[in-house]
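Now for the letters of each chain:
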Amino acid sequence: MRFKDKVVLVLGGNSGMGLAAAQAFAAEGGKVHLTGRDQATIDAAVAGIPGSRGYRSDIADPAATGAVVADVEDADGRIDVLYINAGVGGFAPLRAITEEAWDHVHAINLKGCVFALQKALRIMGKGGSIVVTGSIGAHGALAGNGAYAAAKGGLYMAMKVFAKELVGEGIRLNMVSPGPIDTPLLHRNPGMSEEDVARLKDMMIANIPMHRMGESEEVAKAVLFLASDDASFITGANLFVDGGLLELR
Ligand SMILES: NC(=O)c1ccc[n+]([C@@H]2O[C@H](COP(=O)([O-])OP(=O)(O)OC[C@H]3O[C@@H](n4cnc5c(N)ncnc54)[C@H](OP(=O)(O)O)[C@@H]3O)[C@@H](O)[C@H]2O)c1
């Protein structure tokens, strides 16, 4: 019960690893608030997490995140734990990247996440803990991953800087960088057929030392560790959850 009576906001908590983390926070006593864009999966998530609240909110719109933060404040007065997890994929090689696709990925995965942090900080204080989902995509060159890698790479450095700014306030900020995890995300890449996804999965598994994809729950365990007092002397860290993909190259 590491999160007993803690107020937890999961941005992107209605699917994949965000949902797994929201469930795990609640199982350890957290008062969970979660966001997403899809009302049906928000409703399903909230129905499965007793006492939780869900909000339909686009992280690309900082004002919308600000409104969620105000609702959390009305309900519970503060945020103790913030998990910034919302993100989208978007594969396209250099010659095929459109400005629209670039801006979309960056509006969500970089700008939206940064301003979500700024908005949430208004009701966070000493002892607060923040975890952000990065990606191994920001730490290695995968052909076709330029827009996503740039956004997550930007997020990685921005969060390191913000961790330094916040350390004096007693707020810890860490990143979890997953490798290939079996979530709906891979099936949501615009322009990729199911055959393309299957080929991509096979290619990724062949390169992972553990020879399998990860599960959302395995990422959630790392997120909860970093968010909890078990990680009380850890800030500015980036934890790879990737079956050895990066460190055992
Ligand atoms: N799966 C992987 O292999 C992998 C690897 C490395 C990093 N990641 C990162 O892990 C995070 C979670 O992804 P996942 O794999 O669990 O995929 P997922 O199942 O597609 O979940 C993505 C989550 O982000 C939310 N989201 C996306 N765009 C949003 C927006 N504009 N506003 C608010 N919420 C938004 C989604 O809500 P809706 O469903 O309502 O859109 C959903 O809750 C992402 O940041 C992703 O980049 C994934």
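For clarity, every value in this text was computed on a predicted model and none was experimentally measured.

How each quantity is defined
Within each chain, residue numbers correspond to sequence positions counted from 1 in written order. Only residues with pLDDT of at least 70 are given local features in this predicted model, and only at 80 or more are side-chain atom pairs given and counted; all residues enter the totals for whole chains, interfaces and linings. Values shown for side chains rest on all heavy atoms present in the structure; no hydrogens or waters enter the calculation. Secondary structure elements are defined from DSSP: runs of H or I of at least 4 residues count as helices, runs of E of at least 2 residues count as strands, and each element is numbered from the N terminus. Atoms counted for the radius of gyration: C-alpha only. Globule rule: 2.2 Å times the number of residues to the power 0.38. Note on classification: 1.4 Å probe, protein chains only; a residue is buried when its accessible area is under 20% of the maximum for its type, exposed when over 50%, partly exposed between these limits. Contact between two residues is taken to exist if any of their heavy atoms lie within 4.5 Å; hydrogens are not considered. Positive: Lys, Arg. Negative: Asp, Glu. His and the chain ends are not part of the count. Positions of charges follow a simple convention, taking NZ of Lys, CZ of Arg, CG of Asp or CD of Glu. In this analysis an axis means a line fitted to C-alpha atoms, helices contributing only their contacting stretch, and an angle means the value between N-to-C directions, from 0 to 180 degrees. Just so you know how the angles are binned, under 35 degrees is roughly parallel, over 145 roughly antiparallel, 65 to 115 roughly perpendicular, and the rest oblique. Crossings are assigned a handedness: left-handed for a near helix turned anticlockwise from the far helix by less than a right angle, right-handed for a clockwise turn. Charged residues are taken to be Asp, Glu, Lys and Arg, nonpolar residues to be Ala, Val, Leu, Ile, Met, Phe, Trp, Tyr, Cys and Pro, and polar residues to be all remaining types, Gly included. Salt bridges are identified by distance alone: a Lys or Arg side-chain nitrogen within 4 Å of an Asp or Glu carboxyl oxygen. Proximity is defined per residue: if any heavy atom of the residue lies within 4 Å of a molecule or strand, that residue is considered near it. Distance and chemistry together define a polar contact, namely a pair of N or O atoms within 3.5 Å, with one atom able to donate a hydrogen and the other to accept it when in protein, and with adjacent residues in sequence counting only for side-chain atoms on both sides. The accessible surface values rely on the Shrake-Rupley method and a 1.4 Å probe; as for residues, cover is taken only from the protein chains in view. Two strands pair if DSSP finds at least two bridges between them. Between the first and last residue of a helix there are one fewer steps than residues, each counted as 1.5 Å, and that sum is the expected span.

K.L.:
Would you mind showing me how to read the overall build of the chain here?
P.N.:
If you tally the helices and strands in the chain, you get 7 helices and 7 strands. Taken against the 2.2 N^0.38 rule, which gives 18 Å for 249 residues, the C-alpha radius of gyration of the chain at 17 Å falls within 12% of a compact globule. Considering only C-alpha atoms, the chain reaches an extent of 45 × 35 × 35 Å along its principal axes. Among the 249 residues that make up the chain, the fraction classed as buried is 47%. Restricting the contact set of the chain to residue pairs at least 6 apart, pairs at least 24 apart contribute 71%. Averaging the locations of the 23 positively and 28 negatively charged side chains of the chain gives two centres separated by 5 Å.

K.L.:
Help me understand the packing of helix 3 (residues 62-76) against helix 4 (residues 99-121), please; the structure alone is not making it clear to me.
P.N.:
Packed helices, taken two at a time, are described by the angle their axes make and the gap between the axes. At a minimum axis separation of 9 Å, helix 3 and helix 4 run at an interaxial angle of 30°. It follows from the interaxial angle that helix 3 and helix 4 lie roughly parallel. The chirality of how helix 3 crosses helix 4 is right-handed. Where helix 3 approaches helix 4, its residues P62, T65, G66 and V69 are matched on the opposing element by F115, A116, K119 and A120. Classifying every residue of the contact of helix 3 with helix 4 gives 5 nonpolar, 2 polar and 1 charged.

K.L.:
Got a minute to help me understand the pattern of salt bridges in this structure?
P.N.:
When their charged atoms lie close together, side chains carrying opposite charge are able to pair. Counting across every chain of the model gives 9 salt bridges. The partner of K4 in a salt bridge is D5, with the nearest N and O atoms 3.8 Å apart. Residue D196 pairs with R199 through a salt bridge whose shortest N-O separation is 2.7 Å. Of this pair, D196 and R199 are both found in helix 6 (residues 194-207), 3 residues apart, which corresponds to roughly one turn of the helix. Looking at R199, the relative accessible area reads 54%, which means it is exposed.

K.L.:
Would you mind showing me how to read the site of the ligand here?
P.N.:
Close to the ligand lie 30 residues; N14, S15, R37, Y148 and T183 are nearest. The side chain of N14 places a nitrogen or oxygen atom 2.5 Å from an oxygen atom of the ligand. With respect to the ligand, the side chain of K152 contributes an N or O atom lying 2.8 Å from an oxygen atom. Its free accessible area being 880 Å², the ligand has 97% of it covered by the protein chains. Contributions of two or more residues to the shell around the ligand are made by helix 1 (16-27) and helix 5 (146-167). Across the shell around the ligand, the residue classes break down as 11 nonpolar, 14 polar and 5 charged.

K.L.:
Looking at this structure, how should I read unusual backbone geometry?
P.N.:
Look at D5: it is not a glycine, yet its phi comes out positive at around 65°. Here D5 lies in the segment before strand 1 (7-11). The class of D5 is partly exposed, set by a relative accessible area of 45%. Backbone geometry places H211, a non-glycine residue, at a positive phi of 55°. Note on placement: H211 falls in the loop between helix 6 and helix 7 (216-227). Taking relative accessible area as the criterion, H211 reaches 55% and is therefore assigned exposed.

K.L.:
How do you make sense of the pairing of strand 5 (residues 129-133) when you look at a structure like this?
P.N.:
Within a regular beta strand, the side chains point alternately toward one face of the sheet and then the other, so they alternate between its two faces. Most of strand 5 is tucked away, with 5 of its 5 residues classed as buried. Residues S129, V131 and T133 point to one face of strand 5 and I130 and V132 to the other, with burial holding for every one of them. By the bridge criterion, 4 bridges tie strand 4 (residues 81-84) to strand 5 in an arrangement that is parallel. Counterpart to Y83 in the pairing with strand 5 is V131. Across 5 bridges, strand 5 lies against strand 6 (residues 172-178) in parallel orientation.

K.L.:
Whenever I open this one, helix 1 confuses me. Can you help?
P.N.:
Given 3.6 residues per turn, any residue in an α-helix points the same way as the ones three and four places further on. In this model helix 1 runs 17 Å from its N-terminal to its C-terminal C-alpha over 12 residues, within 8% of the 16 Å that 1.5 Å per residue would give. Among all positions in helix 1, only G16, M17, G18, A20, A21, A22 and F25 are buried.

K.L.:
I'm lost on the packing of helix 1 against helix 7 in this one. Help?
P.N.:
One can describe the packing of helix 1 onto helix 7 by two numbers: an axis separation of 8 Å at closest approach and a directional angle of 55°. One finds that helix 1 runs oblique with respect to helix 7. Helix 7 is crossed by helix 1, and the crossing has right-handed handedness. Where helix 1 abuts helix 7, its residues G16, M17, A20, A21, A24 and F25 lie against S216, E217, V219, A220, V223, L224 and A227. Partitioned by chemical class, the residues of the contact of helix 1 with helix 7 number 10 nonpolar, 2 polar and 1 charged.

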